[in-house]
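Fold and contact review
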Amino acid sequence: MLKIKEYTVRHLVASVLANQKDSSSLRQIILLMVHVVREICLLSPSFSQKYPPVKFLSEKDRKRILITGGAGFVGSHLTDKLMMDGHEVTVVDNFFTGRKRNVEHWIGHENFELINHDVVEPLYIEVDQIYHLASPASPPNYMYNPIKTLKTNTIGTLNMLGLAKRVGARLLLASTSEVYGDPEVHPQNEEYWGHVNPIGPRACYDEGKRVAETMCYAYMKQEGVEVRVARIFNTFGSRMHMNDGRVVSNFILQALQGEPLTVYGTGSQTRAFQYVSDLVNGLVLLMNSNISSPVNLGNPEEHTILEFARLIKSLVVSRSQIQFLPEAQDDPQRRRPDIRKAKMMLGWEPVVPLEEGLNKTIQYFSRELEHQANNQYIPKPKAARMKKGRPRHN
Ligand SMILES: O=C(O)[C@H]1O[C@H](OP(=O)(O)OP(=O)(O)OC[C@H]2O[C@@H](n3ccc(=O)[nH]c3=O)[C@H](O)[C@@H]2O)[C@H](O)[C@@H](O)[C@@H]1O
């Protein structure tokens, strides 16, 4: 585009000069114009901005949707889906763990708005649906400032429920498998009340999310607010932060760089991992369903963490060693979702095979490493508080 404009103006300059005897002032003006056109093209990426394709929705079907935490890992993928489905999306984020670059491809689009705002403060906007995702989700991140995590999940959720009540919006809470704590029931179904240490290092998040669920049902019963509660199990994919600290990003980054894969404890604890696109589809189905009780969203394929380390090593074709570090305090020993409810009531189940999702995520982290100034990011072991030795954060 820049080239065409420059060419056009140069052409104009040449023809004007050919017809002028005393042309120095005119020449200067025209050269200035060339300069201005070039500056405008460079400073206004929106001139040439191409957005991902967006469906057209009629006024009746188009919703005004707020996503709190919409610039985060899951939130930004949800933003993409809802934008491409043709809705008007407002992303609210305080950028503690979210990043502008996760949603920058929508900036300037008429259906999109990005607000730098912390949900701990009230928000006054008009919306039809609220996906309330705002909260750090990685254990080292949420334990970094437990009081802030508690405020975000309690005051933040109260504020969003207050907004839902005022404007008559439906609210979906991104809850977590962590409400089941270190579970004594396996696999975990939605009827299970959980086994949470209320004063342990994970409590700021576990109990924060538990009370957030309690708030949803209080607002539903007392004020008639429509709520949806998704209990999200371990999720991975592109746009995870390099220093996220969760097992998927740690192991992939370590394997890519030939560093030891840091297994906390013996590695016999289990997790079941879902790819982010499966989760996003589940969230949208749940929001638009009539199910107000909690629903598990996760992939039921369970692995020990040691198996998982070996799998990542082999997918990356890495020579990294496996290093055993002290076990993290209150680390849930077995976790696997029972997703019969989601299957029956939403017709949802994960469709992306683990290895396919991991390969995409490995490609993403390889690109992230290439973009790093020094081409290196070595995750430091930071299981917040290890069982023995227990290093403190901040
Ligand atoms: O990924 C998620 O979606 C979930 O991650 C966390 O739950 P957690 O299962 O503890 O997540 P990780 O930090 O990824 O840990 C998984 C297991 O791997 C272990 N781990 C982690 C990191 C590492 O470098 N090495 C390692 O062995 C942990 O001790 C734990 O047993 C969050 O608490 C959940 O809210 C969130 O939904």
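As a starting point, this report considers the structure included with it. All values reported here derive from a predicted model rather than from experimental measurement.

1. A closer look at helix 9 (residues 305–316)
Under the 1.5 Å per step criterion, the end-to-end length of helix 9 is 16 Å for twelve residues, consistent within 8% with the ideal 16 Å. Listed in full, the buried residues belonging to helix 9 are Ile305, Leu306, Phe308, Ala309, Leu311, Ile312 and Val316. Contacts from the buried residues of helix 9 go to helix 7 (247–256), strand 8 (261–264), strand 9 (270–272), strand 12 (302–304), strand 13 (322–325) and helix 11 (354–371). In the stretch just after helix 9, valine 317 is the one whose phi turns positive, near 55°.

2. Considerations on the pairing of strand 1 (residues 64–68)
Strand residues, when the strand is regular, have side chains that alternate between the two faces of the sheet. Among the five residues that make up strand 1, four are buried, leaving the element largely enclosed by the rest of the structure. Two strands pair when backbone bridges link them, and strand 1 and strand 2 (residues 88–93) are joined in this way by five bridges, in the parallel orientation. Paired with isoleucine 65 across the bridge in strand 2 is valine 89. In this fold, the crossover linking strand 1 to strand 2 by way of helix 3 (residues 73–84) has right-handed handedness. Pairing analysis gives four bridges linking strand 1 to strand 4 (residues 129–132), with the strands arranged parallel.

3. Examining the side chain of histidine 117
Here histidine 117 shows up in the loop between strand 3 (112–116) and strand 4. Polar side-chain contacts of histidine 117 include one of 3.4 Å to the backbone oxygen of proline 122. When near neighbours in sequence (up to four residues on either side) are disregarded, histidine 117 contacts Val92, Asp93, Asn94, Pro122 and Leu123.

4. Looking at the nonpolar core
If you look at the biggest cluster of nonpolar residues, it comprises 59 residues, and the most contacted ones within it are Leu78, Tyr131, Leu283, Leu297 and Leu358. The leading source of residues in this core is helix 8 (residues 276–287), at seven residues. Those residues in contact with leucine 78 that sit more than four places away from it in its chain are Ile67, Tyr131, Leu133, Val280, Leu283 and Val284. Counting 22 residues, the second largest nonpolar core, distinct from the first, contains Leu123, Leu161, Leu171 and Met215.

5. Focus: the packing of helix 5 (residues 146–167) against helix 6 (residues 203–223)
Contact pair helix 5 / helix 6: the axes reach a minimum separation of 9 Å and the direction vectors enclose 15°. As judged from the angle between their axes, helix 5 and helix 6 are roughly parallel. Of the two possible hands of crossing, helix 5 and helix 6 adopt the one that is right-handed. Facing Pro146, Thr149, Leu150, Asn153, Thr154, Thr157, Leu158, Leu161, Gly162 and Lys165 of helix 5, the residues of helix 6 in contact are Cys204, Tyr205, Gly208, Lys209, Val211, Ala212, Met215, Cys216, Tyr219 and Glu223. For the contact of helix 5 with helix 6, the per-class residue count stands at eleven nonpolar, six polar and three charged.

6. Focus: the site of the ligand
Taken together, 24 residues lie near the ligand, and Glu178, Arg202, Thr262, Arg271 and Asp331 sit nearest. A distance of 3.3 Å separates an oxygen atom of the ligand from a polar side-chain atom of threonine 176. Aspartate 331 has a polar side-chain atom sitting 2.6 Å from an oxygen atom of the ligand. In isolation the ligand has 690 Å² of accessible area, and contact with the protein removes 96% of it. Those elements giving two or more residues to the shell around the ligand turn out to be helix 4 (139–144), helix 7 and strand 8. Classifying every residue of the shell around the ligand gives eleven nonpolar, seven polar and six charged.

What counts and how
- Counting of residues starts from 1 at the beginning of each chain's written sequence and follows it residue by residue.
- The predicted origin of the model limits local features to residues at a pLDDT of at least 70 and limits the giving and counting of side-chain atom pairs to 80 or more, whereas totals for whole chains, interfaces and linings rest on all residues.
- Side-chain numbers here rest on the full set of heavy atoms in the structure, without hydrogens or water.
- Each helix corresponds to a stretch of at least 4 residues labelled H or I by DSSP, and each strand to a stretch of at least 2 residues labelled E; elements are numbered beginning at the N terminus.
- Helices are assigned an expected span. That span is 1.5 Å times one less than the residue count.
- Relative accessibility decides the category of a residue: with a 1.4 Å probe and only protein chains considered, values under 20% of the type maximum give buried, values over 50% give exposed, and everything between is partly exposed.
- Residue contacts are defined here by distance: any two heavy atoms, one from each residue, within 4.5 Å place the two residues in contact.
- Two strands are said to pair when DSSP picks up at least two bridges between them.
- Convention used here: a crossover is right-handed provided that the path from the first strand, over the helix, to the second strand proceeds clockwise when the strands point away from the viewer.
- Polar contact is defined as a pair of N or O atoms within 3.5 Å, subject to the rule that within protein one atom must be able to donate a hydrogen and the other to accept it, and that residues adjacent in sequence are counted only when both atoms are side-chain atoms.
- In this description, a nonpolar core means a group of buried Ala, Val, Leu, Ile, Met, Phe, Trp, Tyr and Cys residues linked to one another through side-chain atoms lying within 4.5 Å.
- Throughout, an axis means a line fitted to C-alpha atoms (over the contacting stretch in the case of helices), and angles, computed between N-to-C directions, take values from 0 to 180 degrees.
- Should an angle fall under 35 degrees it is taken as roughly parallel, and over 145 as roughly antiparallel, whereas 65 to 115 is taken as roughly perpendicular and any remaining angle as oblique.
- Should the near helix be turned anticlockwise from the far one by less than a right angle, the crossing is termed left-handed; should it be turned clockwise, right-handed.
- Amino acid classes used here: Ala, Val, Leu, Ile, Met, Phe, Trp, Tyr, Cys and Pro are nonpolar; Asp, Glu, Lys and Arg are charged; the rest, including Gly, are polar.
- When we say a residue is near a molecule or strand, we mean one of its heavy atoms is within 4 Å of it.
- Note on areas: Shrake-Rupley with a 1.4 Å probe; residue coverage comes only from the protein chains shown.

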